[in-house]
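Architecture and fold: a report
Here is what each chain is made of, one letter per residue.
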Amino acid sequence: MISDLRSQIKNQKPKTKDQKPKTKTHPPMIYLDNNATTRVAPEVLAAMQPYLTEFFGNPSSAHTLGREMKRAIEAAREQVATLIGAANPDEIVFTSCGSESDNWAIRGVLTAHPDKKHIVTTLVEHEAVRNLCKLLESEGHEITWLGVDSNGELDLDSLRAALRPDTAVVSIMLANNETGVLFPIEEIGQMVREKSNAVFHVDGVQAVGKIPIDLKQAEIDLFALSGHKLHAPQGIGALYVRSGVNLPSLIVGGAQEQGRRAGTSAVPNIVALGAACNLAHDSESHHRIRLLRDRLEDGILGAIPNARLNGIPDRSRRLPNTANISFAYLEGENILQQLDDAGIIVSTGSACHSTTRESSPTLRAMNVPYTTAQGSIRFSVGRYNTEGEIDRTLSILPDIIARLVELSPYDKELQEIYSAPSRWGT
Ligand code: PLP
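Residues numbered from 1 in each chain as written. Predicted model: local features only at pLDDT ≥ 70, side-chain atom pairs only at ≥ 80, totals over all residues.

Side note on the domain arrangement of the protein
Domains assigned within the protein are domain 1 (45–279) and domain 2 (282–419). Residue-level contacts link 22 residues of domain 1 with 20 residues of domain 2. Tallied by class, the residues present in the side of domain 1 that touches domain 2 amount to nine nonpolar, nine polar and four charged. (Domains from an automatic or database assignment. Contact = placed C-beta atoms within 7 Å. Nonpolar A, V, L, I, M, F, W, Y, C, P; charged D, E, K, R; others polar.)

Below, the structure written as structure tokens:
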């Protein structure tokens, strides 16, 4: 099994335009799960490699080696600050991942403002925020959970109504990890500033490296990001902490990161994150990714009668790489497995639990019916996908869906969809 996977992955090495995979033993892997994680870019690997071999010092050490490590960290800090438009590199603090950044942001604000017990967030946040807020709720904090409409968009009036003098923190994501729907964080920041004294935290994990971000232009106090979403390795993240925001440390110990986050700095990973941020300025690649996603989305929705888009149809209000599509009356897990057998890697929108089969909280918040939500698949395109891969996916998927439609217990409902003169549901 593992050797099969190795051979598939080997075939999927980043390709230049003219290179084709050499071995044909297994279908070459087509990786369309870039919102889950991304392949480390060769440029990123090259940048970090010296810090795994020749430069192995502790950045807190005063000797030559230590000073080189420190210099590399500061260079990476500037690269991160530049990508997200921070006014000052000192506003960037390195962490271990996006989840740590989110946890630190919210817990840090609560520690700094023990008199304020109210938090505003949304029902569609990633678990890093959602589960923390659930825990805080069970510990006595009051949470206002903002809902979304059927397109996955926030109602800003309900946000305005939720803000109170005792609101400690408002935590709202920039881009939804499942649907790619973008929230208007600049407008939200303005509202938070005008209507409250709350600290505004944005989970930017899915957005960084995919869309332009300029924090100088926004009323955002805290902003989380994660390296493995933009071609750095897993295990590195950062939190932007606007100058002047009081945020006590979550991890206490040594004086690393100017005393804000203890723990010996993961220099190779930090260098990698800096290099990945540099790479993310490549606008040609962003343009290509958008075209590939559009081709994939149009191809699926045009060819498969029970396919239905989850998230706002206006693509300018979604991440340019994400298409979340439900195949009504089918089980997402089955589609995922069949695609996997054909070498195509995607995610489902439903979480499989041992006793229940729950659809994703995001799709539930959007009021997507259960029988549609269960059949949702997230396709997330990335830097190394090609037009050929998209076309191959489009040539394989309709047959997989047709086979599963035949086996579905909802044959009456499906027959109606398949015999309808116009496409259903969009
Ligand atoms: N926030 C969002 C929106 C995410 O998509 C993710 C990861 O999928 C996280 C936070 C957590 O990031 P990490 O995996 O680096 O902990």
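Past the structure itself, the notes keep going.
Side note on the site of the ligand
Taken together, 14 residues lie around the ligand, and C97, G98, S99, N177 and S226 are the ones closest in. In terms of residue class, the shell around the ligand is built from four nonpolar, eight polar and two charged. (Near = placed C-beta within 6 Å.)

Topic: the sheet that holds strand β12 (residues 347–348)
Spatially, β9-β10-β15-β12 is the arrangement adopted by the four strands of the open sheet, whose pairing is antiparallel. The sheet is open, and its two borders are formed by β9 (307–310) and β12, each paired with just one other strand. Pairing between β9 and strand β10 (residues 322–327): four bridges, direction antiparallel. Residue pairing for β10: A307 is matched across the bridge by F327. Strands β9, β10 and β15 (376–380) of the sheet are contacted by helix α10 (residues 283–303), whose axis makes an angle of about 15 degrees with β10. (Pairing = 2+ DSSP bridges. Helix = DSSP H or I, 4+ residues; strand = E, 2+ residues; numbered from the N terminus. Axes fitted to C-alpha atoms, helices over the stretch in contact; angles between N-to-C directions.)

Overview of helix α4 (residues 98–112)
For α4, spanning 15 residues, the distance from its first C-alpha to its last is 21 Å, which sits close to the expected 21 Å at 1.5 Å a residue. The buried count for α4 comes to 11 of 15 residues, which makes it a mostly enclosed element. Of all the residues in α4, the buried ones are G98, S99, E100, S101, D102, N103, W104, A105, I106, G108 and V109. For α4, the elements touching its buried residues are β2 (92–95), α5 (127–138), β5 (167–173), β6 (199–203), β7 (222–226) and β8 (237–241). (Expected span 1.5 Å × (residues − 1). Buried ≥ 20, exposed ≤ 12 C-beta atoms within 10 Å, placed from the backbone.)

Here's the deal with the pairing of strand β3 (residues 118–122)
For β3, the buried fraction is high: four of the five residues fall into the buried class. With five bridges connecting them, β3 and strand β4 (residues 142–146) associate as parallel partners. Looking at the pairing, T122 lines up with L146 of β4. With α5 bridging β3 and its parallel neighbour β4, the resulting β-α-β unit is right-handed. Note: β3 against β5, four bridges, orientation parallel. Within the sheet, the bridge partner assigned to V120 lies in β5 and is V170. (Right-handed = clockwise from strand over helix to strand, strands pointing away.)

So, the nonpolar core
Counting residues in each nonpolar core, the largest one holds 85 residues, and the members touching the most others are I84, Y240, V271, A272, L273 and A276. Ranked by residues supplied to this core, first place goes to helix α9 (residues 267–279) with nine residues. Taken domain by domain, the makeup of this core includes at least three residues from each of domain 1 (45–279) and domain 2 (282–419). Residues in contact with A272, not counting those within four places in the same chain, are V44, A47, M48, G227, A232, P233 and I236. Formed by 29 residues, the second largest nonpolar core is a distinct cluster that contains Y31, I304, L397 and I400. (Core = buried A, V, L, I, M, F, W, Y, C linked by C-beta atoms within 7 Å.)

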